[in-house]
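# Chain and residue survey
The lines below spell out each chain.
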Amino acid sequence: MQNNKVRNIKTEVLSDNWYTLKKVTFEYLKKDGRWETQSRETYDRGNGATILLYNRENRTVILIRQFRMPTYVNGNDSGMLIESCAGLLDQDNAEDCIKRETEEETGYKISSVEKVFEAYMSPGSVTEIVYFFIAAYSKSMKKGSGGGLDDEQEDIEVLELKIDDAIQMVENGDIKDGKTIMLLQYIQLKNIL
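All chains use their own residue numbering, which begins from 1 and follows the written sequence. Totals for whole chains, interfaces and linings use every residue, but because this is a predicted model, local features are given only for residues with pLDDT of at least 70 and side-chain atom pairs only at 80 or more, for both listing and counting. The basis for the side-chain values is all heavy atoms of the structure; hydrogens and waters are excluded.

Turning our eyes to something else, we now look at the sheet that holds strand β3 (residues 35–44). Two strands pair if DSSP finds at least two bridges between them. Going along the chain from the N terminus, every DSSP run of H or I of four or more residues is numbered as a helix, and every run of E of two or more is numbered as a strand. Read from one edge to the other, the open sheet built from three strands follows the order β1-β2-β3, with strand pairing classed as antiparallel. With partners counted over all chains shown, the strands left at the sheet margins are β1 (6–15) and β3, one partner each. Averaged over all pairs of adjacent strands, the angle between strand axes in this sheet comes to 20 degrees, irrespective of strand direction. One ladder, built from ten bridges, connects strand β2 (residues 20–29) with β3; its direction is antiparallel. Paired with L29 across the two strands is W35, which belongs to β3. Only the contacting stretch of a helix is used when fitting its axis, a line to C-alpha atoms as for every element, and angles between N-to-C directions run 0 to 180 degrees.

Spelled out as structure tokens, the structure:
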């Protein structure tokens, strides 16, 4: 549905290095009936998917730890972040993407996933929408060591944590990743573990 309060959109590419940074200038119709010219920068990195693997019997979840430069330059002394497995869709649909990423990053080969919701994670500047999934896992699904792909410069540590420990890590600030917190809270709210 087109928004009739937006017109005369002009887009300028500021950077097309890693992903695409654009400056968008447009006119926006204010509540008082005036058209106001506004300008925003948007960062387009594509859409993504994330998953929380859980084991009901052991009350555990699979998370990963990896270096994240943006957190490092914003006060995270080590730059290491504990997260749910995730990746960009590239040309895949969200379900195929998250199955591929799960095996690459965690070593678990899963065949069945449940989509639980989707969300814009930073809508003030980033175009990305993230598709959120959960899936049950067992030791028999472990087909590799995980750790990510060298050609994607990934160096990922796989963590298996008790759900109570993971929730405590959110509360004490050891887990600060938004998508991970959302999935852990979803598991809690739905009494999955």
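What follows continues from the structure just given.
Relative to each other, helix α3 (residues 163–171) and helix α4 (residues 178–189) sit at 130 degrees, their axes nearing to 11 Å. The angle between α3 and α4 falls in the class oblique. α3 and α4 meet at a crossing whose hand is left-handed. Taking contact as the criterion, the partners of I163, A166, I167 and V170 in α3 are, on α4, I181, L184, I187 and Q188. Of the residues that constitute the contact of α3 with α4, the class distribution is seven nonpolar, one polar and no charged. For classification purposes, angles smaller than 35 degrees are called roughly parallel, those larger than 145 roughly antiparallel, those between 65 and 115 roughly perpendicular, and all remaining angles oblique. Crossings are sorted by hand: turned counterclockwise from the far helix by less than a right angle, the near helix makes the crossing left-handed, and turned clockwise it makes it right-handed. Contacts were defined at the residue level, with two residues in contact if any of their heavy atoms lie within 4.5 Å. Note on residue classes: Ala, Val, Leu, Ile, Met, Phe, Trp, Tyr, Cys and Pro are nonpolar, Asp, Glu, Lys and Arg are charged, and everything else, Gly too, is polar.

Further remarks concern the nonpolar core. If you look at soluble globular proteins, the nonpolar side chains tend to sit buried side by side. Here, nonpolar core means buried Ala, Val, Leu, Ile, Met, Phe, Trp, Tyr and Cys residues that are tied together by side-chain atoms lying within 4.5 Å of each other. Note on classification: 1.4 Å probe, protein chains only; a residue is buried when its accessible area is under 20% of the maximum for its type, exposed when over 50%, partly exposed between these limits. The biggest cluster of nonpolar side chains holds 23 residues, and the ones touching the most others in it are L52, V61, I134, L184 and I187. Among the elements of the structure, β4 (48–55), β5 (60–67), β8 (114–120), β9 (129–136), β10 (157–162), α3 and α4 are those that each provide at least two residues to this core. Excluding its chain neighbours within four sequence positions, the residues that come into contact with L184 are L52, V61, I163, A166, I167, V170 and I175. With 17 residues, the next largest nonpolar core counts A49, L89, I129 and F133 among its residues.

The next point concerns the layout of surface pockets. Lining residues are those with an atom within 4 Å of a point, where the points come from a 1 Å grid over the protein atoms alone and group into cavities, where a 1.4 Å probe fits but cannot get out, or pockets, open sets with protein on both sides within 12 Å along at least five of seven lines. Grid points are joined across faces, edges and corners, and a volume is the space filled by probe spheres set on the points. Estimated volume of the largest pocket: approximately 1800 Å³. R45, Q66, R68, P70 and E83 are the residues nearest the centre of the largest pocket, which is lined by 43 residues in total. Elements supplying a minimum of two residues to the lining of the largest pocket: β4, β5, α1 (69–72), β6 (80–83), β7 (85–88), α2 (94–106) and α4. For the lining of the largest pocket, the leading source of residues is β6, giving four residues. In terms of residue class, the lining of the largest pocket is made up of 16 nonpolar, twelve polar and 15 charged. Computed from the structure, the second largest pocket encloses a volume of approximately 170 Å³.

Put simply, a patch holds well-exposed residues, over 30% relative accessible area, that have no salt bridge, with like charges counted together within 9 Å and Val, Leu, Ile, Met, Phe, Trp or Tyr side chains within 5 Å. Per-residue and other accessible areas were derived by the Shrake-Rupley procedure at a 1.4 Å probe size, with only the shown protein chains allowed to occlude residues. Salt bridge criterion: a side-chain nitrogen from Lys or Arg within 4 Å of a carboxyl oxygen from Asp or Glu. On the surface, a nonpolar cluster with roughly 490 Å² of combined accessible area is contributed by F67, M69, Y72, V73 and M80. For Y72, the location among the structural elements is in helix α1.

On to the packing of aromatic side chains, then. Between 30 and 60 degrees the pair is tilted, below 30 it is stacked and above 60 it is edge-to-face, where a pair is any two Phe, Tyr or Trp rings, Trp via its six-membered ring, whose centres lie within 6.5 Å. This structure, assessed with the given rule, holds six aromatic pairs. Between the aromatic rings of W18 and Y19, the centroid separation amounts to 5.9 Å while the plane-to-plane angle is 85 degrees, which identifies the pairing as edge-to-face. Overall, the relative accessible area of 63% leaves W18 in the exposed class. What makes Y19 partly exposed here is its relative accessible area of 24%. For the pair F67 and Y72, a centre-to-centre distance of 5.7 Å together with 55 degrees between the ring planes defines the contact as tilted. Here the aromatic residues W18, Y19 and Y43 are joined through ring pairs into a cluster of three or more. Comment: the charge-over-ring label is applied if NZ (Lys) or CZ (Arg) is within 6 Å of the ring centre and within 35 degrees of the ring normal. The positively charged end of R7 is found above the aromatic ring belonging to W35, 3.8 Å away from the centroid.

Let us look at the pattern of salt bridges. On inspection of all chains with the given rule, the structure shows 17 salt bridges. Across the salt bridge formed by K139 and E160, the nearest N and O atoms sit 2.8 Å from each other. Of this pair, K139 sits in the loop between β9 and β10 while E160 sits in strand β10, and the two are 21 residues apart along the sequence. Exposure remark for K139: the relative accessible area of 53% places this residue in the exposed category. Several salt bridges converge on common partners, so that one network encompasses D90, D92, R100, E101 and E104.

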